[in-house]
Amino acid sequence: MSISLTVTNIWGRSFIEGTLLNAVVAAGDGEWIKVLGLTPMTVDIAGITSATIQVRGSDQPTVPANGDHQRQLGSNITSDQIVTIDAPVKWLKVMVSAWVSGTISAYLIGVNKS
């Protein structure tokens, strides 16, 4: 799945949103997306029945390979929730590290402060 972002300007601020996972039904690496300048961000994770999701971040100078998991941001996620990311990172991905059941989606929204 290729990740695409939408930019919406409201009152002089740019809000960036996109789908990081779309109806995933298996474990998988996820896909890195450049989020430099987006803080704070939220990731809305939905559709977990029995699965483990991880939000991953990196400050590497170039995009990591999707199979390179870099650093975990926060704890393992095993139920639907919204995760807030206050720390600036250059690259972000959401991965399904373990899957038994569920149709999992993850939605990003962030504020571009530049």
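Residues numbered from 1 in each chain as written. Predicted model: local features only at pLDDT ≥ 70, side-chain atom pairs only at ≥ 80, totals over all residues. Heavy atoms only, no water.

J.: So, the pairing of strand β7 (residues 91-112): which residues are in play, and what are the values?
T.: Looking down a regular strand, the side chains alternate between one sheet face and the other. Here 8 bridges tie strand β2 (residues 13-24) to β7, and the two strands are oriented antiparallel to one another. Within β7, the position partnered with E17 by the bridge is I109. Looking at chain direction, strand β3 (residues 33-34) and β7 are connected through 2 bridges and run antiparallel. Within β7, the residue paired with I33 across the bridge is L92. Across 17 bridges, the pairing between strand β4 (residues 38-58) and β7 is antiparallel. Paired with I45 across the strands is A106, a residue of β7. (Pairing = 2+ DSSP bridges. Helix = DSSP H or I, 4+ residues; strand = E, 2+ residues; numbered from the N terminus.)

J.: Please give an account of the nonpolar core that cites residues and values.
T.: Ranked by size, the top nonpolar core spans 24 residues in total, and within it L20, V43, I45, I53 and L92 carry the most contacts. Elements that contribute at least two residues to this core include exactly β2, β4, β6 (81-85) and β7. Broken down by element, this core gets its largest block of residues, 8 residues, from β4. Those residues in contact with L92 that lie beyond four places of it in its chain are L20, E31, W32, I33, V35, M41, V43, V55, R56, L73, I85 and L108. (Core = buried A, V, L, I, M, F, W, Y, C linked by side-chain atoms within 4.5 Å. Buried < 20%, exposed > 50% of the residue type's maximum accessible area, 1.4 Å probe, protein only. Contact = heavy atoms within 4.5 Å.)

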